[in-house]
Amino acid sequence: MTNPLPSEYLAIDAGNTRIKFGRFTFAAGDVLPVCVASGHVMCGQPLPAAALGSPVTGRLQAVLSGSNPPEIERLAREWPDDLAHLAVVTDRTTFPIAVDVESPSRVGLDRLLNAIAALRLRQPGQPVVIVDSGTAVTVDYVNRSGAFAGGAILPGIGMGARALHRYTAMLPLLAAPGIAAAPPEVLGRNTVAAMSSGLYWGHVGAVRELANRIAESDPGDPPRLMLVTGGAGAVVSPHLERSQEWPFLPLQGLVLAYLAGNGG
Ligand SMILES: Nc1ncnc2c1ncn2[C@@H]1O[C@H](COP(=O)(O)OP(=O)(O)OP(=O)(O)O)[C@@H](O)[C@H]1O
Ligand SMILES: CC(C)(CO)[C@@H](O)C(=O)NCCC(=O)O
Ligand SMILES: [K+]
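Residues numbered from 1 in each chain as written. Chains lettered and ligands numbered in written order. Predicted model: local features only at pLDDT ≥ 70, side-chain atom pairs only at ≥ 80, totals over all residues. Heavy atoms only, no water.

**Re the packing of helix α2 (residues 109-121) against helix α7 (residues 249-261)**
Thinking step 1. It is the contact of α2 with α7, at a shortest axis distance of 7 Å, that shows an interaxial angle of 85°. As judged from the angle between their axes, α2 and α7 are roughly perpendicular. Residue-level contacts link Leu113, Asn114, Ile116, Ala117, Arg120 and Leu121 of α2 to Leu249, Pro250, Gln252, Gly253, Leu254, Leu256 and Ala257 of α7.
Thinking step 2. A per-class count over the contact of α2 with α7 returns nine nonpolar, three polar and one charged. (Axes fitted to C-alpha atoms, helices over the stretch in contact; angles between N-to-C directions. Helix = DSSP H or I, 4+ residues; strand = E, 2+ residues; numbered from the N terminus. Parallel < 35°, antiparallel > 145°, perpendicular 65-115°, else oblique. Contact = heavy atoms within 4.5 Å. Nonpolar A, V, L, I, M, F, W, Y, C, P; charged D, E, K, R; others polar.)

**Regarding the packing of aromatic side chains**
Thinking step 1. In total, this model carries three aromatic pairs according to the counting rule given.
Thinking step 2. Centre to centre, the rings of Tyr200 and Trp201 are 4.8 Å apart; their planes meet at 70°, and the pair counts as edge-to-face.
Thinking step 3. Overall, Tyr200 belongs to the buried group, its relative accessible area being 4%. (Phe/Tyr/Trp six-rings, centres within 6.5 Å; stacked < 30°, edge-to-face > 60°. Buried < 20%, exposed > 50% of the residue type's maximum accessible area, 1.4 Å probe, protein only.)

**Some words on the nonpolar core**
Thinking step 1. With 32 residues, the main nonpolar core has Val63 and Phe95 as its most contacted residues.
Thinking step 2. Listed by contribution, the elements that provide at least two residues to this core are β1 (8-14), α2, β7 (128-133), β10 (225-229) and α7.
Thinking step 3. Setting aside anything within four residues of it in sequence, one finds Val63 in contact with Leu10, Ala11, Ile12, Leu86, Ala87, Val89, Leu254, Val255 and Tyr258.
Thinking step 4. Formed by 23 residues, the second largest nonpolar core is a distinct cluster that contains Val139, Val204, Val207 and Leu240. (Core = buried A, V, L, I, M, F, W, Y, C linked by side-chain atoms within 4.5 Å.)

**Considering helix α5 (residues 191-216)**
Thinking step 1. Helix length check: α5 (26 residues) gives 36 Å between terminal C-alpha atoms against 38 Å at 1.5 Å per residue, within 8%.
Thinking step 2. Within α5, the full set of buried residues consists of Met195, Ser196, Ser197, Leu199, Tyr200, His203, Val204, Val207, Ala211 and Ile214.
Thinking step 3. Where α5 is buried, its residues touch β7, β8 (136-142), α3 (157-166), α4 (176-180), β10 and α6 (233-236).
Thinking step 4. The distance from a side-chain oxygen at the start of α5 to the backbone nitrogen of Val192 is 3.1 Å, and the residue carrying that oxygen is Asn190. (Expected span 1.5 Å × (residues − 1). Polar contact = N/O pair within 3.5 Å; in protein donor to acceptor, adjacent residues only side chain to side chain.)

**Describing the UniProt feature "binding site: K(+)" (unreviewed entry) in the protein**
Thinking step 1. The sites that carry the UniProt feature "binding site: K(+)" (unreviewed entry) are, in the present numbering, Asp132.
Thinking step 2. Tracing the backbone through its elements, the reader meets Asp132 in strand β7.
Thinking step 3. Setting aside residues no more than four positions away along its own chain, Asp132 makes contact with Asn114, Val137, Thr138, Thr229 and Gly230.
Thinking step 4. Looking at Asp132, its side chain comes within polar contact range of the side chain of Asn114, at 3.0 Å. (UniProt positions renumbered as here; feature names shortened; annotations may be inferred.)

Here's what the structure looks like:
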C-alpha cells in the first residue's frame, strides 16, 4: 500500500522583501488548496514556531520555494528537524506547466507558481493575465494552450517610493502601505500628496496598460481571466475590470507544484 498524501501543507514563499507562509488543506473536489492560516515575516527573520506547523497534527508536509534563492537556502538550513518534513520545491523540470519563453530556466519560480495555480482557475482554452504586485511587479500571460508565455517586469510601489527619495535632493521617503491605504486625490496639492498620486495611480495605470496590451496581443474567445496577487494586489485589483484577487496564489501553486513532483 502506498502512503496517503499529506492531509495538510505548510507552504512558504521566500520573496524579495517578505517571506509569506500559509497552512493549506487540499481535498478531492477543491479547485485550489484552501488556506486555513497565513502570515509573513521580513526576509532575514526566523519563521515563528507556530508557522512551522507546531504542533504537528495529522500528516503535515512543509514546502518551500520563491524568487529569493539565498533566503530559500537560509530557511532550509535553519529548518528544525523535529517538525514537519520540508521539501524545497525548486526543480522546475517537474512543474506541471509548459514554459514558452527564450530561457525557461531563468523565469522566476514565483511567476511559474502563480501560473500553475492559474491553470486550475481558468476554463479550458481560456488565456490568463496574472498580476503579482510585490517588490517588483509582474504582469504575466498563460496562453490558450496553457503555457507560461512571458510577460512584463516593473518596479513595485515601494521601490518607486524609495527611488524618488534616493535619486532626488528634496523628495521625502514615503512608506508603501501608507501610500496604498486609500486611493489618493489625483491632483496632489503638496509634495507628499503629489508623490502618493503618482505612485498609486501610476502603478494602477501601468498594470492596466500592460494587462490590456497583453490581452490584445492574442485576441479571441473565450476572453481572458485576470488574476491579481501580491502585497499590493488589493491596491490594483479594484481598479482592474473583471479581475479577481487571489492573495495566496503563489502558495497555492507551490502546493500543486509539490504534488506534481511527488506523484500527487
Ligand atoms: N499593505 C500594503 N499596501 C500596499 N502596498 C503594499 C502593502 N504591503 C506591501 N506593499 C507593497 O508590496 C511590496 C511588498 O509586497 P510583497 O510582500 O508581495 O512582496 P515581496 O514578498 O517582497 O516580494 P516578492 O514580490 O518578491 O514576492 C512593498 O514593497 C510594497 O510595494
Ligand atoms: C521578477 C521577480 C523579481 C518577481 O518577483 C522574480 O520573478 C525574478 O527574480 N525573476 C527572475 C527573472 C525572470 O523571471 O525572468
Ligand atoms: K512575487
